[in-house]
Amino acid sequence: MAVAQDAIDPEHAKTAVTGAPAVRAQFRDIKTADALRGASPKIRRIFTESGFSLDTGEGGSPNGFYAPAEEEDRHRILRRLFANIRNMGVQGEYCGEFDFWQFLNHVRAAQPGTGPRQVEKARPMQRRRPPTEPSRPNRQTVPGRIGFALGLAVIVFVALKYLAEQGATP
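Rules used in this analysis
Residues numbered from 1 in each chain as written. Predicted model: local features only at pLDDT ≥ 70, side-chain atom pairs only at ≥ 80, totals over all residues. Heavy atoms only, no water. Core = buried A, V, L, I, M, F, W, Y, C linked by side-chain atoms within 4.5 Å. Buried < 20%, exposed > 50% of the residue type's maximum accessible area, 1.4 Å probe, protein only. Helix = DSSP H or I, 4+ residues; strand = E, 2+ residues; numbered from the N terminus. Contact = heavy atoms within 4.5 Å. Phe/Tyr/Trp six-rings, centres within 6.5 Å; stacked < 30°, edge-to-face > 60°. Expected span 1.5 Å × (residues − 1). Arc of directions from axis to C-beta. Patch = residues over 30% accessible without salt bridge, like charges linked within 9 Å, V, L, I, M, F, W, Y side chains within 5 Å. Areas by Shrake-Rupley, 256 points an atom, 1.4 Å probe, with all protein chains shown as cover. Salt bridge = Lys/Arg side-chain N within 4 Å of Asp/Glu carboxyl O. Pairing = 2+ DSSP bridges.

K.L.:
Go over the nonpolar core, please, and point to the residues and values.
P.N.:
Core analysis: the largest hydrophobic core is formed by 21 residues, its most contacted members being F47, F52 and F103. At the level of secondary structure, the elements contributing two or more residues to this core comprise β2 (23–27), α1 (30–37), α2 (41–50), β3 (52–56), α3 (71–88) and α4 (100–109). Excluding anything up to four places from it in sequence, F47 contacts F27, L36, F52, L81, F98, F100 and F103.

Take a look at the structure:
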């Protein structure tokens, strides 16, 4: 989320309609923003009037997560987006490379929080201990296993033949 300079009342630094700080949702992925810029003017207008910026920004959270402090603004922008989609309609509009379904699935799956990457950074790194004895590479290959099985079969066959000659039955 970024503060939208064009939608701010200069006297109060708030939007004139809602009284809330004006914000714009920015895309993290430049390819997504480019795909939306390549869509039809109506599709772009639906997004920009909902509170999206066609610019990209560096979010502090990893993909799939958003900052908990932005949750209220996020819900407000998404409600406006869905209302605009319902009211204006997207049927028959050119979307280009912008995939509505992928965008909606990503929005639905996103969760508030810091995400797994930031949790991993918080843990101290552990040094690996050098091995006490050199490890041997795994030498069990398919031809080696086949050779071992054939050798074992030959030994069992010779043992059975020897027992048969002696008159013993297995």
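K.L.:
Tell me about the packing of aromatic side chains, and please be specific about residues and values.
P.N.:
As enumerated under the stated definition, the model contains seven aromatic pairs in all. With a centroid separation of 5.1 Å and 70° between ring planes, the pair formed by F47 and F52 is classed as edge-to-face. The exposure class of F47 is buried, given its relative accessible area of 0%. Note on F98 and F103: the rings are 5.7 Å apart at their centroids and 45° apart in plane angle, and the pair reads as tilted. According to the relative accessible area criterion, F98 is buried, its value standing at 5%. Taken together, F27, F47, F52, F98 and F103 form an aromatic cluster joined through their ring pairs.

K.L.:
Summarise helix α6 (residues 142–166); cite the residues concerned and give the values.
P.N.:
Over its 25 residues, α6 extends 36 Å from the first C-alpha to the last, a length consistent with the 36 Å expected when each residue adds 1.5 Å. Downstream of α6 by one or two residues, G167 has phi in the positive range, about 95°.

K.L.:
Can you tell me about α1, naming the residues and giving the values?
P.N.:
Among all positions in α1, only A33, A35 and L36 are buried. What you see down the axis of α1 is that its buried residues fit within an arc of 160°, all on one side.

K.L.:
Mind laying out a nonpolar patch on the surface, listing which residues take part and the relevant values?
P.N.:
Where nonpolar side chains cluster on the molecular surface, the patch consists of F148, L152, V156, L160, Y162 and L163 and spans about 610 Å² of accessible area. By the secondary structure assignment, L163 is in helix α6.

K.L.:
Quick rundown of the pairing of β2? Include the residues and the values.
P.N.:
Side chains of β2 alternate between two faces, with V23, A25 and F27 buried and R24 and Q26 left unburied. Bridge count between β2 and β3: two bridges; the pairing is parallel. Looking at β3, one finds that F27 is bridged to T56.

Interpretation note: all reported values are geometric properties and have no functional meaning in isolation.
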